[in-house]
Structure formats: C-alpha cells, structure tokens
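# Fold and geometry: a report
Read off the chains here:
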Amino acid sequence: MLPFKLVYHPRYDLNLGAHVFPSQKFRMIYETLLREKIAAPEDFLEPPPASDDDVLRVHTSEYIEKLKGGTLSPSELMRLEIPWSPEMVQACWLAAGGSILAGRSALRDGFAANIGGGFHHAHPGHGEGFCAIHDVAIAIRRLQRDGAIATAMVVDTDVHQGNGTAAIFRNDSSVFTLSIHQEDNYPMPKPPSDIDINLPDGIEDDEYLAILEAHLLKALEFITPDVMFYVGGADPYCEDQLGGLNLTKAGLRRRDTMVMDHAHRRGIPVAITLAGGYARRVEDTVQIHVGTILAARDLAQRTAARSTQ
Ligand SMILES: [Zn+2]
C-alpha cells in the first residue's frame, strides 16, 4: 500500500506506567496507520535489536554495562527521567535496530520510517531526558561501517535541542547536524550543533517555517549527504505540555513536507524517526506523527506519478 517501508516492533513500548512520556504512542500510531488504511501489514518490517557492537560504536562500554545490568546510580536514573526495567532496555535496543533498518530501507526506497526512536538526548556516556541510547547515531555509525553511506545529515525538529546528537557528532565533519528548537527550554546548556536555530517562545506556523527553510537551504548548500535522518518531533505543537511553541497540526504537516521535499528533490534518501510529543491528548500526538508518515507518502507518490507520465 505504501511506496516505502515502516519499521515497528510490538516491544517498542518503554513500559513506563503513568508517565508524561506516552510510550504507548508507538503502538497507537501503528494501529492508526492500519485502521485508517494508510498502511497494510506487509508495509511493516520488524527489526532485530541492535547488536552491542552497534551500540558501542556510539556509547561507552562502562555506561552500556550499567544500563544493561540495571546498575545505574540514583543520580544517573534521575537524569534519564524514566524508570529502569528490562523491558525499557530491550525497547531501546529494538528502537536502535529499527533506525538501522529504516536507514537501510530509505537508501533502497527513498523514504522509510521507524515508528519509534529519535532518542536524541542520549550521550555517549549517559542517558537523559527519556533517552537511554541514541538510535539515530547508532544507525549512522552502522551504515558508515557497512560502507552504505559516507555522510549523513540529521534534521531535528523536536521542540528540545538535540544535545546528544550535537555532542556525538561535534568533531565529525561526515555528519551535519541541524536542530530547530525552543531556546528557553530543556536542555541547558545546549552543546553546539552545526546549525542551531534557537526560537523564542510562542512562535507560530508561518514564521517557524520561513526560519527553518532558510537554515535548511543553507545546510543543503553546504553538504549533500548520502542520507537524511529526520527526527520529527510532535512537541512543537501548541497544546504540548513540555513545549512552548505555538504550531498547529497543519503547520507541523507543512514542516514535514517542506523538510523532506528539499531532501527528496535532491535525491537524498530520508529516514524518519519519531521523537517527543506530550500533547494533553495523546491522540493529538499520534495524529501529528501519522501526519509525518502521510507527508512522506504524498511526496513519494508525487514522484512516482511523475515518473510514469
Ligand atoms: Zn522533545
């Protein structure tokens, strides 16, 4: 049904119980895509977990040992802001495997989406802000090791700056990082991305889109990467509990279309991952993430229609 693959595993749920991070959203997005006949069961790929070798290309062995063994200190757990459980660890390894698979699928089909991941706050030696390991960095490092890509760009539209991404790729000219986020929000401080767009509180659709497009064009003048990882946050939404921007659902959909269109028309494959989304109604968060998939579908179908004319 879809011209590209979606990557999902039923164990993506981080098993958080009552928590501001609605990790049941992964399942809800999966179910919505099927129920609304946007995708068919055969459009989905189930990822294997990332291998520890994959994870260790990004993270320190000391941290990974503690994370897997459940021996993080109370202060490390406080910084992570989610409770430890074997299910949480398994979900993170699956999300990283999912982003690797989405990257590979995007290289083949032009687009792919991991219905999970986008854990952009994870650092080499610690987790924070609901992010234990950095699935997108793990995927980029694996694709580079396989010789499938040399360069990558990470475009991060979550309302919170992609500090883990910035820290991991800070001295790496093969990976270009762009983050657009609310300046007066977590994380503090913000390690520098290649491009950081610090937005004032309350910015609305048109202004946001104009600023993002101008910076994205600058980035794409600088580098034409072998793949773009698009971290499509749902939390710039006006009703978000952890965000202070004022975007509408329609504006977020225009954002997704604009970013992916600029990549697609340059022949850059786009691998989508989700990221934050803390709308008062979880259904809104689900709808915004589904909108990102629809934006990719419409772009892919438009190209297909053109090539058969
Ligand atoms: Zn966020």
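Below or above, wherever it landed, is the structure these notes cover. The structure presented is a predicted model; accordingly, all values stated were derived computationally and were not measured.

## As for the overall build of the protein chain
Within the protein chain, the regular secondary structure consists of ten helices and eight strands. Relative to its length of 309 residues, the protein chain is compact, with a C-alpha radius of gyration of 18 Å against a globular reference of 19 Å. With respect to the three principal axes, the spread of C-alpha positions in the protein chain is 60 × 40 × 40 Å. Scored against the burial criterion, the 309 residues of the protein chain give a buried share of 60%. Nonlocal contacts in the protein chain, meaning residues at least 24 apart in sequence, comprise 76% of its contacts between residues at least 6 apart.

## Some words on the coordination of the zinc ion
Bound to the zinc ion are the protein donor atoms Asp-158 (OD), Asp-158 (OD), His-160 (ND1) and Asp-235 (OD), situated 1.9 to 2.7 Å from the metal. Metal-centred angles of 53 to 151° between the four donor atoms at the zinc ion mark the site as irregular. One chain supplies every donor to the zinc ion, and in sequence these donors are spaced D-x1-H-x74-D. Linking Asp-158 in the loop between β4 (152–156) and α7 (163–168) with Asp-235 in the loop between β7 (228–231) and α9 (249–264), this pair joins segments that are 77 residues apart in sequence. With a relative accessible area of 0%, Asp-235 lands in the buried category.

## What about the nonpolar core?
Counting residues in hydrophobic clusters, the biggest one holds 108 residues, and the most contacted among them are Leu-6, Leu-33, Leu-67 and Ile-115. Of the residues forming this core, the biggest block, twelve residues, is contributed by helix α5 (residues 86–109). Not counting chain neighbours up to four residues away, the residues in contact with Leu-33 comprise Leu-6, Ile-38, Ala-39, Phe-44, Ile-115, Val-290 and Ile-293.

## Remarks on the pattern of salt bridges
The full count for this structure, using the stated rule, is 20 salt bridges. The shortest N-O distance in the salt bridge between Glu-31 and Arg-27 comes to 3.4 Å. Of this pair, Glu-31 and Arg-27 both sit in helix α1 (residues 25–35), four residues apart, which is roughly one turn of that helix. With a relative accessible area of 34%, Glu-31 lands in the partly exposed category. We classify Arg-27 as partly exposed; its relative accessible area is 37%.

## Looking at the packing of aromatic side chains
Enumeration according to the criterion identifies ten aromatic pairs in this entry. Ring geometry for Phe-176 against Phe-222: centres 5.5 Å apart, planes inclined by 45°, an arrangement best described as tilted. Residue Phe-176 is found in strand β5 (residues 175–182), and its partner Phe-222 is found in helix α8 (residues 205–222); the two are separated by 46 residues along the sequence. Joined through ring pairs, the aromatic side chains of Tyr-8, Tyr-12, Phe-21, Phe-26, Tyr-30, Phe-44, Phe-130 and Tyr-278 make up one cluster.

## Some points on the packing of α5 against helix α6 (residues 135–145)
It is at 8 Å that the axes of α5 and α6 come closest, and there the two elements cross at 50°. Here α5 lies oblique to α6, going by the angle between them. When you trace α5 past α6, the crossing you get is right-handed. Contacts between α5 and α6 involve Ala-95, Ala-96, Ser-99, Ile-100, Gly-103, Arg-104 and Leu-107 on the former and, on the latter, Asp-135, Ile-138, Ala-139, Arg-142 and Leu-143. Here the contact of α5 with α6 is built from residues that sort into seven nonpolar, two polar and three charged.

## Quick word on the sheet that holds strand β8 (residues 270–273)
Pairing is parallel in the open sheet, where eight strands are placed in the order β2-β1-β3-β8-β7-β4-β5-β6. Since the sheet does not close on itself, it has two edges, and those belong to β2 (44–45) and β6 (195–199), each with one partner. Examined bridge by bridge, strand β3 (residues 111–114) and β8 share four bridges and lie parallel to one another. Following the sheet pairing, Ala-113 is matched in β8 by Ile-272. Along the sheet, α6 contacts β4, β5, β7 and β8; its crossing angle with β7, the most-contacted strand, is approximately 170°. Lying over the sheet, helix α10 (residues 282–308) contacts β1 (5–7), β3, β7 and β8, oriented at roughly 170° with respect to β3.

## A word on the environment of Ile-138
For Ile-138, the position within the fold is in helix α6. Here the alpha-carbon distance between Ile-138 and Ala-50, two residues 88 residues apart in the chain, equals 8.4 Å. If we skip the residues at most four places from it in the chain, Ile-138 touches Asp-54, Val-55, Val-58, His-59, Ala-96, Ile-100 and Ile-133.

## Examining α1
Of the residues making up α1, those classed as buried are Lys-25, Phe-26, Met-28, Ile-29, Thr-32 and Leu-33. End-on, the buried residues of α1 take up no more than an arc of 165°, which puts them together on one face. Buried residues along α1 sit against β1, β2 and α10.

Conventions and cut-offs
Residues numbered from 1 in each chain as written. Predicted model: local features only at pLDDT ≥ 70, side-chain atom pairs only at ≥ 80, totals over all residues. Heavy atoms only, no water. Helix = DSSP H or I, 4+ residues; strand = E, 2+ residues; numbered from the N terminus. Rg over C-alpha atoms; globule rule 2.2 N^0.38 Å. Buried < 20%, exposed > 50% of the residue type's maximum accessible area, 1.4 Å probe, protein only. Contact = heavy atoms within 4.5 Å. Donors = N, O, S within 2.8 Å, 3.2 Å for Na, K, Ca; no water. Tetrahedral: all angles 85-135°; square planar, octahedral: opposite > 155°, others 65-115°. Core = buried A, V, L, I, M, F, W, Y, C linked by side-chain atoms within 4.5 Å. Salt bridge = Lys/Arg side-chain N within 4 Å of Asp/Glu carboxyl O. Phe/Tyr/Trp six-rings, centres within 6.5 Å; stacked < 30°, edge-to-face > 60°. Axes fitted to C-alpha atoms, helices over the stretch in contact; angles between N-to-C directions. Parallel < 35°, antiparallel > 145°, perpendicular 65-115°, else oblique. Left-handed = near helix turned anticlockwise from the far one by under 90°. Nonpolar A, V, L, I, M, F, W, Y, C, P; charged D, E, K, R; others polar. Pairing = 2+ DSSP bridges. Arc of directions from axis to C-beta.

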